[in-house]
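Structural description and commentary
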Amino acid sequence: MRYDGYMTWFKKQKSTIASTNEEKTVRTEGVFSKCDSCLKYIWIKDLDSNDKVCPKCGYHFRINARERLELLLDDHRFQALDNHIISTDPLKFTDRAPYSQKLASAQATTGLNDAVINASGVLGGHPVFISAMEYNFIGGSMGSVVGEMITLAVERATSEKIPLIIVSASGGARMHEGTLSLMQMGKVSAALARLDEARVPFISVLTDPTTGGVTASYAMLGDLNIAEPGALIGFAGPRVIEQTIRQKLPKGFQRSEFLLQHGMLDAIIDRRQMRNYLIHSLNFFMH
């Protein structure tokens, strides 16, 4: 009887401990975030106040397009443009799910029409147009709508003689639209050539990741090409390259530091200094 009573008491104590642990988990959920680089836990408020940069190791967390625009522009204000353009799913593409469903899901999740926000605003007193890509929208892939919106931004900057900034965050061309997606590379590049002829500044900001057709077109065509620390930048991914050439790639290959070392970038700028760096650049260009 004494043994049975002890077991009953033990079960009650175990249940109480389990409830306490569960309660602690619920209370701390969403309060801390774990850094992918140093693996340390960071208080979310500290991370937010540090522009989503790890205060312990400097790792740059990914941020969305709206956060990017608010971070860069004066008074955190911007006017969204061209957000009425929506893909018509020209190929009626289906893989695991119909492309039309993926579009609808991404639109509902992000609140955007596609993987870029075209915006007008003021940066350090300079009127600017900014196209900020949204990686959470089907991997920031470039389809017909993204190509059209960025082309419109370039043409608007050309006609109004206002500097253009494109912030890239993309997995590349959108396979769901096939050749129509690949056509956007030439389309945007041609518009940028006209922008260059008009002598209007274009600053390209490359963030993690910037790959595929975006890298092979407008992301590397800026008058100034700058990147955030540790950003993956390239055409094909490292694993694809290793499988193709059957060789091990150098450490840090296709990261922004590697590209700067090999002359592919003009600068690497910490996100916390990005706004000031862009202002100084615009002061130089517009002088």
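What this report covers is the structure whose coordinates are included nearby. Note that the coordinates shown come from a computational prediction; the quantities given were computed from them, not determined experimentally.

Helices and strands together make up the secondary structure of the protein, namely 10 helices and 10 strands. A fraction of 67% describes how many contacts in the protein between residues 6 or more apart in sequence connect residues 24 or more apart. Carbon and sulfur atoms make up 54% of the accessible area of the protein, which totals about 15,800 Å².

Relative orientation of the contacting elements helix H3 (residues 65–72) and helix H10 (residues 271–285) amounts to 55°, with a least axis distance of 9 Å. When the interaxial angle is binned, H3 and H10 end up oblique. Across the interface between the two elements, Arg 68, Leu 71 and Leu 72 from H3 touch Arg 271, Met 274, Arg 275 and Leu 278 from H10.

A few words on H3. Buried within H3 are the following residues: Ala 65, Arg 68, Leu 69 and Leu 72. Considered in projection along H3, the buried side chains sweep an arc of 95° and stay on one side of the axis. Elements that come into contact with the buried residues of H3 comprise strand S4 (116–123), strand S5 (126–133), strand S6 (164–170), strand S7 (202–211) and H10.

A few words now on the nonpolar core. Ranked by size, the top nonpolar core spans 39 residues in total, and within it Val 146, Ile 150, Leu 164, Leu 192, Leu 195 and Tyr 218 carry the most contacts. If you tally residues by element for this core, the top one is helix H5 (residues 144–160), at seven residues. When neighbours within four sequence positions are excluded, Leu 192 is seen to be in contact with Val 154, Leu 164, Phe 202, Tyr 218 and Leu 221. In terms of nonpolar packing, the next biggest core, distinct from the first, is built from 23 residues, Ile 117, Ala 132, Ile 203 and Leu 278 among them.

Okay, the side chain of Thr 158 next. The residue Thr 158 is located in helix H5 in this model. Polar side-chain contacts of Thr 158 include one of 2.8 Å to the backbone oxygen of Val 154. Ignoring any residue separated from it by four or fewer positions in sequence, one finds Thr 158 in contact with Arg 194, Leu 195 and Ala 198.

With that settled, consider the environment of Val 31. If you trace the backbone, Val 31 turns up in the loop between helix H1 (2–28) and strand S1 (32–34). Assessed through its relative accessible area of 27%, Val 31 is described here as partly exposed. Excluding anything up to four places from it in sequence, Val 31 contacts Ile 42, Trp 43 and Ile 44.

Reading the values: rules and limits
Residues numbered from 1 in each chain as written. Predicted model: local features only at pLDDT ≥ 70, side-chain atom pairs only at ≥ 80, totals over all residues. Heavy atoms only, no water. Helix = DSSP H or I, 4+ residues; strand = E, 2+ residues; numbered from the N terminus. Contact = heavy atoms within 4.5 Å. Areas by Shrake-Rupley, 256 points an atom, 1.4 Å probe, with all protein chains shown as cover. Axes fitted to C-alpha atoms, helices over the stretch in contact; angles between N-to-C directions. Parallel < 35°, antiparallel > 145°, perpendicular 65-115°, else oblique. Buried < 20%, exposed > 50% of the residue type's maximum accessible area, 1.4 Å probe, protein only. Arc of directions from axis to C-beta. Core = buried A, V, L, I, M, F, W, Y, C linked by side-chain atoms within 4.5 Å. Polar contact = N/O pair within 3.5 Å; in protein donor to acceptor, adjacent residues only side chain to side chain.

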